[in-house]
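Structural description and commentary
Letter by letter, the chains look like this.
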Amino acid sequence: CTLWFSDKIPENVMKGDFCNVYSHVSDYTLKNSRFRNIAGCASIVRNDNTTLTGNEFYNIMYPAICIGGDLDNEGVSSRNVTIENNLIEKSSWVERNGRIGAISVAVSSADSRLVPYISDVAIRNNVISDSQVGIHLKGVKGLTLEGNTFSACQKDILKEDVIEQ
């Protein structure tokens, strides 16, 4: 099998290192949907060019919106993601692979190797309430946060290794 890379390979990459597939599919939209009482995530997204808009999430055990995969099992991350105008209530009281937040944008990995960034993410005008963390961001490059409203969250936004626009 031969793989071709469109991005420049960093100089610190060695033979035997993991490589990352950026998405399962491209151009995914989730619009005007309602999710209730789910013992898991309502929306796990591992796609490029994704828009989640106008959705409602109520009583979701893990992050209601979970962008980015688990490299150990799913092997992908995302690019060009917009999360806007969603309502999220009572979500994410249990972690999923170290991720917490009504909205979680991160790549999970038990391996300490360099994990690829999720890139070009816009999170705008969402209403989030009754969550331990409103938005959890880890390993995000090119982030726009605008107009999000939080109530009864222990922490509104948790950022780890984030490069904003």
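Residues numbered from 1 in each chain as written. Predicted model: local features only at pLDDT ≥ 70, side-chain atom pairs only at ≥ 80, totals over all residues. Heavy atoms only, no water.

Take the sheet that holds strand E2 (residues 34–38) next. Strands in a sheet are paired, the pairing made by backbone hydrogen bonds, and the direction either parallel or antiparallel. With parallel pairing, 5 strands are arranged side by side in an open sheet as E2-E5-E8-E11-E13. The open sheet has two edge strands with one neighbour each: E2 and strand E13 (149–151). Strand after strand, the sheet turns through a mean of 5 degrees between neighbouring axes, direction not considered. Note that strand E5 (residues 56–60) and strand E8 (residues 87–91) share 4 bridges and pair parallel. Bridging across to E8, Tyr58 finds its partner in Glu89. (Pairing = 2+ DSSP bridges. Helix = DSSP H or I, 4+ residues; strand = E, 2+ residues; numbered from the N terminus. Axes fitted to C-alpha atoms, helices over the stretch in contact; angles between N-to-C directions.)

Relative to the helices and strands, Thr53 resides in strand E4 (residues 48–53). Each residue touching Thr53, except ones within four places of it in the same chain, is listed here: Leu30, Lys31, Asn32, Glu84, Asn85 and Asn86. (Contact = heavy atoms within 4.5 Å.)

Keep in mind these numbers describe shape, not what the thing actually does.
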